[in-house]
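# Understanding the architecture of this molecule
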Amino acid sequence: MYENRINQVIQKLDEHNLDSLYVTNITNVRYLSGFTGSAGSMLISKEKSYFFTDGRYTEQVKNQVQNSQIFITGSIHIKEIYNQKIIKNNSRVGFEANHVSYSLYRCLVGQFPNTTWISTENIVEHIAAVKDINEIDSLKTAIQITDKVFDEILTLLAPGVSESKIAATISYKFKEYGADGDSYDPIVASGWRSALPHATPTEKKLEKGEFVVMDFGALYNGYHADMTRTVLIGKATQKHRDIYSIVSDSQIAGIKKAKAGVTGADVDKACRDVIEKAGYGKFFTHSTGHGIGLEVHTLPRLSSANKTKLLENYVVTIEPGIYIPKWGGVRIEDDCLLAKDSCIPLNKSTKELLEL
């Protein structure tokens, strides 16, 4: 598995006219090596892969890191690369521009004056966007736990219960059912606060007549689920039903559109067209979705800016929403596996409007 991933990076070296790639983003390091610690880097050349970490992980790397020569060094890994003479003079070495600080860049240039350092973006991320069977299985497990917890917390949702209580219960139950923890801090927002797409839970208590937006996901084996459901406390008014129905129709349109070969912009437009036709376009204030994996927001992006064709075995979120200030909001989100001719929602939680 890791050998195949490293080989894919090696194939990209020629495409980018590079002799090697220095990987410093810890998520990318994990993807390429299996290392789950917090400090590591890799140098991948056409001939060999090298892994660097510090003494805290001496024993851990023996069991985790595969298909790379391991060096235990200090906190500045580039010094070991210099001492081992791994980078040859006049080499062209790529670095991850989105993940390298200016101080590290100066260190690279200063330590290797005869090396040409080339800015690169998303070489590993593009490879990692296409999930293999093991990754899909881990994501499915994370999503199954998320679904199970959603079903169980429904009994907790009632007038007088605080947003923070709901969020804490979600986090507790994830670990109870075998998750590593939360993919991210749960979003629980009720009433007027449900119009805040990324609201932090507060001590505000649920009240009758309010939407409650809950955006949460389990973390399993390093892989992130990401689901949103919106429920109503009490009986729905016609406005509640109308807004919910528009968002539901929008999400269904996105799922029908998404598959390998269409672009992220195509999926975004399918969702957005439904909401704009209903007259609420200005209240859909974010893009339609994103990839998930070892991070909760990864490539690809389902947005108007992404004109690149989506690929088979991408796992993406589709999550349109309407957010009306001082009134409330609705978002519905599934994690979806893209197939050659279809989009397969992996979440099983109901998307019917629940009146609790």
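Residues numbered from 1 in each chain as written. Predicted model: local features only at pLDDT ≥ 70, side-chain atom pairs only at ≥ 80, totals over all residues. Heavy atoms only, no water.

## Section: a nonpolar patch on the surface
Rule in force here: For patches, a residue must show more than 30% relative accessible area and have no salt bridge; joins then use 9 Å for like charges and 5 Å for nonpolar side chains, namely Val, Leu, Ile, Met, Phe, Trp and Tyr. Each accessible area is a Shrake-Rupley estimate made with a 1.4 Å probe; only the visible protein chains count as cover when residues are assessed. The term salt bridge refers to a side-chain nitrogen of Lys or Arg lying within 4 Å of a carboxyl oxygen of Asp or Glu. Only DSSP runs of H or I reaching four residues or more are called helices, and only runs of E reaching two or more are called strands; each is numbered from the N terminus. The buried label goes to any residue with under 20% of its type's maximum accessible area, the exposed label to any with over 50%, and the partly exposed label to all in between, with areas taken from a 1.4 Å probe on protein chains only.
On the surface, Y102, Y105 and V109 cluster together into a nonpolar patch covering about 300 Å² of accessible area. Along the chain, Y102 falls in helix α5 (residues 102–111). A relative accessible area of 62% means that Y102 is categorised as exposed.

## Quick word on the pattern of salt bridges
The final tally for this structure, using the stated rule, is 16 salt bridges. K12 is the salt-bridge partner of E15, the closest N and O atoms lying 3.6 Å from each other. Linking E15 with K12, this pair stays in helix α1 (residues 2–15), spanning 3 residues, or about one helical turn. Residue classification places E15 among the exposed residues on the basis of a relative accessible area of 57%. Linking R331 and D215 is a salt bridge whose minimum nitrogen-to-oxygen distance equals 3.0 Å.

## What about the packing of helix α9 (residues 238–257) against helix α10 (residues 264–277)?
Worth spelling out the cut-off: Note on definitions: angles span 0 to 180 degrees between N-to-C directions of axes, and those axes are lines fitted to C-alpha atoms, for helices only across the stretch in contact. Should an angle fall under 35 degrees it is taken as roughly parallel, and over 145 as roughly antiparallel, whereas 65 to 115 is taken as roughly perpendicular and any remaining angle as oblique. Here a crossing is taken to be left-handed if its near helix is turned anticlockwise relative to the far helix by less than a right angle, and right-handed if that turn runs clockwise. Contact definition: two residues touch when any of their heavy atoms are within 4.5 Å. Gly is placed with the polar residues, together with every amino acid not listed as nonpolar (Ala, Val, Leu, Ile, Met, Phe, Trp, Tyr, Cys and Pro) or charged (Asp, Glu, Lys and Arg).
Axis separation between α9 and α10 bottoms out at 8 Å; the angle between their running directions is 155 degrees. One way to sum up the angle between α9 and α10 is to call them roughly antiparallel. Seen from above, α9 lies across α10 with right-handed handedness. Contact residues: α9 offers I246, D249, S250, A253, G254 and K257, while α10 offers D266, V267, A270, C271, V274 and I275. By residue class, the composition of the contact of α9 with α10 is 7 nonpolar, 2 polar and 3 charged.

## What to know about the environment of D226
Put simply, the rule reads: Side-chain atoms alone can form a polar contact between residues adjacent in sequence; in general such a contact is a pair of N or O atoms within 3.5 Å, and within protein one must be able to donate a hydrogen while the other accepts it.
Assignment of secondary structure puts D226 in the loop between β11 (223–224) and β12 (227–233). The sequence separation of D226 and S183 amounts to 43 residues, and the corresponding C-alpha distance is 7.3 Å. In contact with D226, other than residues within four places in its own chain, are Y184, D215, F216, G217, H290, I292, V296, T317, E319, E333 and D335. A polar side-chain atom of D226 sits 2.7 Å from a polar atom in the side chain of Y184.

## What about the side chain of E319?
Here E319 is to be found in the loop between β15 (315–318) and β16 (321–324). Separated by 3.2 Å, the side chains of E319 and H290 make a polar contact. Setting aside anything within four residues of it in sequence, one finds E319 in contact with D226, H286, T288, G289, H290, R331, I332 and E333.

## So, the nonpolar core
Using the following cut-off: By nonpolar core is meant a set of buried Ala, Val, Leu, Ile, Met, Phe, Trp, Tyr and Cys residues that side-chain atoms within 4.5 Å join together.
Core analysis: the biggest nonpolar cluster contains 33 residues, and V23, L32 and M42 have the highest contact counts within it. Secondary-structure elements contributing two or more residues to this core are α1, β1 (20–23), α2 (26–33), β2 (41–45), α6 (123–129) and α7 (133–153). Among residues more than four places away in sequence, those in contact with V23 are N28, V29, L32, S41, M42, I44, E96 and V124. In this structure, V247, V267, L299 and L302 belong to the second largest nonpolar core, which totals 29 residues.

## Focus on the pairing of β16
Regular strands have side chains that alternate between both faces of the sheet. Convention followed: A pair of strands counts as paired when DSSP detects no fewer than two bridges linking them.
Where burial is concerned, the two faces of β16 agree: the one with G321 and Y323 and the one with I322 and I324 are both buried. Sheet topology places β16 next to strand β17 (residues 328–331); 4 bridges connect them, and they run antiparallel. The partner of I324 across the bridge, within β17, is G328. In this structure, the hairpin formed by β16 and β17 is closed by a connection of 3 residues, where K326 is found at a positive phi of approximately 70 degrees.

## What about the sheet that holds strand β10 (residues 218–220)?
Across the sheet, which stays open at both edges, the 3 strands sit in the order β7-β10-β11 with antiparallel pairing between neighbours. Because the sheet does not close on itself, it has two edges, and the strands there are β7 (181–182) and β11. Along the sheet, α7 contacts β10 and β11; its crossing angle with β10, the most-contacted strand, is approximately 145 degrees.

## Considerations on the sheet that holds strand β5 (residues 92–96)
Spatially, 6 strands are ordered β4-β3-β2-β1-β5-β6 in an open sheet, and the strand pairing comes out mixed. Edge positions in the open sheet fall to β4 (69–73) and β6 (116–120), since each of these has one partner strand only. The sheet shows a mean angle of 20 degrees between the axes of neighbouring strands, taken without regard to direction. Pairing of β1 with β5 involves 3 bridges; the strand directions are parallel. For Y22, the partnering residue across the bridge sits in β5 and is F95. Running at roughly 60 degrees to β2, α1 makes contact with β1, β2 and β3 (49–54) of the sheet. Running at roughly 60 degrees to β2, α2 makes contact with β1, β2, β3 and β5 of the sheet.

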